[in-house]
Structures are given as C-alpha cells and as structure tokens.
Amino acid sequence: MAKVKKASAKKGKAKKARAKSKTRKKVKRRTKSKTSDAKIKPGTRGKGEVPPATAESMAAKQRAISISEFFAKNRHLLGFDNPRKALLNAVKEAVDNSLDACEEAHILPDLLINIKPIVDTCGSPGDSAVRRPQADLRRANRFVLTVRDNGPGIVKQQIPNIFARLLYGSKFHSLKMSRGQQGIGISAAGMYGLLTTGEPVQIISRTNPKKNAHHYHVQIDTTKNRPEVVLDEECDFELPTGTSVTITLEGKYQRGRQSVDEYIAQTAMANPHATIIYNAPDDNLYKYPRQSKELPFIPREVKPHPYGVELGLLLKMARDSSAKQLSAFLKNEFSRISPRVARRICEKAKLRGTLRPSKMSLRQAEALHAAINETKIMAPSTDCIGPIGAAQLEEGLRAVVKADFYTACSRSPAVYRGNPFLIEAALAYGVKDNSDSNPDKEQLIRLTRIANRVPLLYQQSACAIYKSVLDVNWRNYALSQSRGALPTGPVLLMVHIASVWVPFTSESKEAIAHYPEIIKEIHLAVQDCGRKLGLYLRRRKRIQQELAKRSYIETYLPYIGEALQDILVLKQRQVGTVITKLKKVLEKSRKV
Ligand SMILES: Nc1ncnc2c1ncn2[C@@H]1O[C@H](COP(=O)(O)OP(=O)(O)O)[C@@H](O)[C@H]1O
Ligand SMILES: [Mg+2]
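Here the structure is a predicted model, which is why all the values come from computation and not from measurement.

In this structure, Val91, Ile113, Ile115 and Phe163 are the most contacted members of the largest nonpolar core, which totals 52 residues. Counting residues per element, this core draws most heavily on helix α4 (residues 83–104), which supplies eight residues. For Ile113, the residues in contact, after removing those within four places along its chain, are Val91, Val95, Leu145, Thr146, Val147, Ile264, Ile276, Ile277, Tyr278 and Asn279.

The subject of this paragraph is the site of ligand 1. In the vicinity of ligand 1 there are 19 residues, among which Asn97, Ser170, Lys171, Gln181 and Gly183 approach most closely. Between ligand 1 and Gln181 there is a distance of 2.9 Å, counted from an oxygen atom to a backbone nitrogen or oxygen. One of the backbone nitrogen or oxygen atoms of Gly183 is found 2.8 Å away from an oxygen atom of ligand 1. Protein coverage of the free-state accessible area of ligand 1, which is 530 Å², stands at 91%.

Moving on: the packing of α4 against helix α6 (residues 186–197). Geometrically, a packed helix pair is captured by the angle between its two axes and the distance between the axes. As a packed pair, α4 and α6 sit with axes 9 Å apart at the nearest point and diverge in direction by 140°. Note that α4 runs across α6; the crossing there is left-handed. Contact with α4, carried on its side by Pro83, Ala86, Ala90, Glu93, Ala94 and Asn97, involves Ile186, Ala189 and Tyr192 of α6 and no other residues of that element. Of the residues assigned to the contact of α4 with α6, the class counts are seven nonpolar, one polar and one charged.

Let's shift gears to a positive patch on the surface. A cluster of basic residues, Arg340, Arg343, Arg344 and Lys348, forms a positive patch at the surface. Along the chain, the position of Arg344 falls in helix α10 (residues 339–349). Judged by relative accessible area, Arg344 falls into the partly exposed class, the value being 32%.

Rules and cut-offs
Residues numbered from 1 in each chain as written. Chains lettered and ligands numbered in written order. Predicted model: local features only at pLDDT ≥ 70, side-chain atom pairs only at ≥ 80, totals over all residues. Heavy atoms only, no water. Core = buried A, V, L, I, M, F, W, Y, C linked by side-chain atoms within 4.5 Å. Buried < 20%, exposed > 50% of the residue type's maximum accessible area, 1.4 Å probe, protein only. Helix = DSSP H or I, 4+ residues; strand = E, 2+ residues; numbered from the N terminus. Contact = heavy atoms within 4.5 Å. Near = heavy atom within 4 Å. Polar contact = N/O pair within 3.5 Å; in protein donor to acceptor, adjacent residues only side chain to side chain. Areas by Shrake-Rupley, 256 points an atom, 1.4 Å probe, with all protein chains shown as cover. Axes fitted to C-alpha atoms, helices over the stretch in contact; angles between N-to-C directions. Left-handed = near helix turned anticlockwise from the far one by under 90°. Nonpolar A, V, L, I, M, F, W, Y, C, P; charged D, E, K, R; others polar. Patch = residues over 30% accessible without salt bridge, like charges linked within 9 Å, V, L, I, M, F, W, Y side chains within 5 Å. Salt bridge = Lys/Arg side-chain N within 4 Å of Asp/Glu carboxyl O. Lys, Arg positive; Asp, Glu negative; His and termini not counted. Charge placed at Lys NZ, Arg CZ, Asp CG, Glu CD.

Shown next, in the form of structure tokens:
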C-alpha cells in the first residue's frame, strides 16, 4: 500500500512540475516577444520610420569640431551660463588682462571701467537700432563694457588673433605667476558678445607715443576659430600707450554679493598698486586710488620643479629634449637641479649620465622618475611666485573691514605636480557686518577666495579652499561649527593661492582643483590663523570672567565693611581704609 501511495505521489509531483515549467515557458515566450519587438522596430510608433544608420552614413557626418564651436555650445564651461555671471566674467577677463599687461611692462596700472546699459528701440522700418540709456536698470539686458588701461598696448598684427581666436595668448607656454593662463579669456568674452548681440569687439591700442593708435573691429568665425576684421583704421588715443577694449553683450546688472561691484572692490583690495575708476551701470562712480606706489613683486618665469612631474610627461620631455646627455637634460629642463644632484639622481636610477635623453626607454624613464622622488631636492625658489605677505595681508584686511582682531599667515612655497605654489591666509574676528541680515542669528563665517590676486566669486563649494576650511576643526579655536558646514561667527577669512599655474576646475576659472598638496597647505595656513584666533578668544573670555568676578566683589565689599564695623567695632574712617586694603588684596589675587 505504502509503495502504491508513494508511486501516485511521485506521479502527482511530476505533473505539477510539468505544469510549472509550461507556464514558465509561456511567460518566457511572452517576454521574449516583447523584447524582440522593441529591438526590431524602434521608433515605428511615431509618424515616419527612421532608417537605420550605416557605417557609411555615419562617416558622412563625422568631422572635426573647432574649439570655438565647442565653446559656443558649452559657454557654461567658460562661465557664461547666465546673464549676471556673463557680465561679471567679461569685466573680469578684460581687467585681468589689463593688470597683467601693465605689470609685465613694469607700469603702475591705471584702469578705467565703464558699463552702460543699452536698449534697442526700432524706429521706422529699415532704421538701424537706436540706442539710449535705459531708465529702468532692472529691465536692461544688454550692456556696453569698456575697459581701458595704460599698459604697453598690443602690436597691430596680433589684435585680430588675440580678440577673435580662442586659445591664442602669451602665457600658456610659460610657467609664470599671472592672472591669465590659457589664452581663452578675452576672446571668449568677445565671442559671447558676438553670439548674444551680433556686435564685434572694438579695440583701440597704441604701442608708441609718437605714432597713432590702431582702431579695430573684429569678430570670430566660430566654424574655423579664425578672426574676421570688420574695421581697421588709425585713430587718436588719449594715452601715450595702452589698450581700450569694448564688448557689447547680453547681461544683467545686480548689486550685492557676486556682483561686478564686489569683484572690483575685492580686486582693488588685492591690488593696492592699481588705480581703478569704475563707472557702474547705475551711473555710480567708484574711485579706488592707488594705495602703494610700489609695483608688486614681478615674477620670473621658471622651469618645472622635478617633484611631482608625472612619468608620461617626464618621458615626453626627455624624448623632445635637444640635450645630448641625461645629466644636462635634468639641469636644463628642471629647476633646482645642480650638477651634483643630477649625478646623484642618475646613480640612484642606475643610469649613465651620458645617456641620450631622446633615446630613453619607458623602463629607464620609470627608474629616473622613482630616483627623482627619492632624492632630496631643494624646495622651489620663492622668486617665481609673489606672496602678498602676512603684514600686507593684515593691513589690507584692516583697511577694508572694521574688526576686533586681525591675524595673517604666509606659508613658504610648496609643489604640486611640479608647479610651485604658495598659500596665504588672513582672518578678521568681530567684523561689524553692515548687511541687513538678522543680527541675532549666528552667521556662517565669510570666506574670500583669491587666486593670483584675482577674487573668485562663484562655485565656492566646489573649491579646494572651501573644502580645506571645512575640514579644519574650528571648535578647537572656540568657534561653533555644525557637521559639514563652515563655522559660525563674525569672521572674515581670506585665502590666497599664488602659483605659476593655478589648477582651476574648469575654463571658467572659478574654483581650485582638489590637489592633496594644495589642500594640505591651505589647511596649515588656516590652522595657523585659527590657533591665534583661539588664543585671542580664550584670553578674551578669561578677561570677561575676571571682570565679572571683580564687579561681583565690588558689589559686596560695602556690606562686608558694614559687617566688619559691627564685629570689630570700627570707626567710620577705619572702615574706609579696611575696604580699600581688602579691594587691593582681592584684585591682586585675580590677575587679568
Ligand atoms: N590689455 C592688454 N594689453 C596687452 N596685451 C594684452 C591685453 N589683453 C590681452 N593681451 C594679450 O593677449 C593675450 C590673450 O589674452 P587672453 O585671451 O585673455 O588669454 P590669457 O590672458 O589667458 O593669456 C594675452 O596673453 C596677452 O598677451
Ligand atoms: Mg586673460
């Protein structure tokens, strides 16, 4: 019986299993048919059928993209992503160039910045646009920006390429501290102006006081990344030498944080050797006279420091080098390599000093790379980067903000990827903020970021400076701080990075990249200021507590006098003397 029962149970199980597998297959078939549908006929649910692309049809569309076409589409990468920022960026590029040019020519800069709102009102049909100042500035969306400098001027033949060709400049191939780097600044601003208003860039430049100035109107041909000259004539210019650039562009003017006004005020603070006159769109005239008649530190061009040079770059440099021997290559191409250091590196890498660099193999480059990083090499020279200086930073801060306590720190140079850089920080505590924010609410500290004397106003949270300041434990320095936020308190913290090559996160030059070496140095500079702040705040607290105790004692002393008079049966005259003595003893024991 038991056997029969078992056999029937087995049969039942087999049946069930078969049924299950059948349904599973059905489901599979159903899903299969769905996916195969999707594969075969994409887009057939629409109106027309899209023919499938072939390698040949795709080949017909494949072509090179010019750099200006790329940036015209991706203008946000250059910082022209909204009208307010676009206006600021155009001013920034022109001002940076003017300051750079004046300093390179050892001229104390005199800058004139003019921004005028315009409105196009069409007259009778066929009339060209009539321009008049716009009464309501909030509605103005087009501006004429002019920046004039007393620099050395620009050679006639170079003007079209400089202002209407991306990636054309004098600073990219040299390791030298300057505001501009990539050769993509003023030409990008000009391109943005052309794309948004159709107007060419207007330039007047004079290089020789005895000759006339050149007047150009140029615009970029974005498909070729080449300039087109619209106007070329001689004209008068009010200065012996200098350049005036005019760009008409779409923009928005708004006062306050991250405005053109703030950028110019901070630029004046970081460049006390420049006179800046700024005629704002609202017709306010701001004058920032020169604070110091001394030119700032004039940086020297340097070669890369060997620490941090990547293997691939080292191999490329060796293969491109015209040096006949490895030791000569090391001496000529890098800074801080003396014949003795070169010999030591070659010994460590087990390579002959006479090896021909152009014939170097990858293995040999690897050995050389490792040997460089194991050899003690002098830190990069300071004369290629110009610190503002701790004393000057503190003075600068005192000039712009009223506060109770100031401190500053200037670190010695360090290296990231072979590029020398230097970090400085300055801090003011007890800043009297005249903004209309709620005074009872604890405000986050204000962080001012400066790179090669240029204020950075956007993308704070993406910047290495912000990250480093966030990572400092401010509670150690008597400031309160929530997790993942800046500390709170009436503090203005300024961090300056000076480098022969500032590593920005994008072409818009708004935030510093997160190199560990840079983060470490910022951390150390900020910690130094923090420690001094902590000392000051703790001392201030101690003084406050002591003063509170003293006033407490002073309140009760007369009563003690009365009690003593009763107990010791003293005369009124004696009570006065006893109280004075008691006060002196108590004050002596509580030193402030
Ligand atoms: N106002 C000026 N005076 C003299 N030279 C200038 C001026 N503006 C620009 N230049 C020259 O034009 C070049 C290109 O400028 P730009 O496109 O802003 O790139 P970058 O400043 O990054 O080199 C500069 O490298 C500089 O040689
Ligand atoms: Mg520039």
